[in-house]
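Close look at the chain arrangement
Residues per chain are reported as follows:
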Amino acid sequence: GNTAVCTQTITRTVDVTPPSITCPANVTLGCNATVPGPDVTAVTATDACGTPTVTFVADVPVLTGCTEVTTRTYRATDPCGNTAVCTQTITRTVDVTPPSITCPANVTLGCNATVPAPNIASVTATDACGTPTVTFVADVAVLTGCTEVTTRTYRATDPCGNTGVCTQTITRTVDVR
């Protein structure tokens with residue numbers, strides 16, 4: 001009836017702490033730029049109980065007006081299955097629409113009158129994605145008999161490089177005697 005008892009100690013690590021994860025910095029891209037692909041190597045993840053695995057989860061783009069903000073999500077999973085996520089935002093302007101431009105009204109001048117100088121302040125230009133810049137392009141004068149018609153062209157360029165043009169005609173009689 002003799003008995004003996006022995007004890008065995010079993011130690012296990014109980015990990016309920018998610019890994020630490022840091023996404024790449026937020027990015028602001030230029031007009032109509034291509035959103036770069038996800039890069040798990042740019043994500044930093046650490047865990048006290050092993051090396052976590054980083055995976056790309058999803059991109060969620062939201063367009064508001066002319067601004068698109070893509071929220072990119074990454075996940076870190078440690079060897080015990082604990083997870084943590086981080087997000088990166090990528091902002092860009094999406095604009096492929098030219099600005100609206102309106103030239104001054106056409107003008108008919110008197111005999112041998114001087115054609116007025118271009119005046120960009122008399123041009124109206126609008127754009128949904130920013131303030132366009134107006135420039136004078138050219139005057140092209142064509143003389144037919146005693147009538148000279150000058151076609152004046154202005155250009156509006158928005159912040160993304162889209163352009164719109166308008167023309168104004170200036171007509172005058174020229175006495176060539």
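Parameters and conventions
- Residues numbered from 1 in each chain as written.
- Predicted model: local features only at pLDDT ≥ 70, side-chain atom pairs only at ≥ 80, totals over all residues.
- Heavy atoms only, no water.
- Phe/Tyr/Trp six-rings, centres within 6.5 Å; stacked < 30°, edge-to-face > 60°.
- Helix = DSSP H or I, 4+ residues; strand = E, 2+ residues; numbered from the N terminus.
- Buried < 20%, exposed > 50% of the residue type's maximum accessible area, 1.4 Å probe, protein only.

With that out of the way, let us pick up the packing of aromatic side chains. Per the counting criterion, the structure on display carries two aromatic pairs. Ring geometry for F56 versus Y74: centroids 6.1 Å apart, planes at 70°, classification edge-to-face. Of this pair, F56 sits in strand β4 (residues 53-64) while Y74 is found in strand β5 (residues 67-77), placing the two residues 18 residues apart along the sequence. Judged by relative accessible area, which is 34%, F56 ranks as partly exposed. For Y74, a relative accessible area of 1% corresponds to the buried category. Arranged with centres 6.0 Å apart and planes meeting at 70°, the rings of F136 and Y154 form a pair that is edge-to-face. Here Y154 lies in strand β11 (residues 147-157) and F136 lies in strand β10 (residues 133-144), a separation of 18 residues in the sequence. Residue classification places F136 among the partly exposed positions, given a relative accessible area of 36%.

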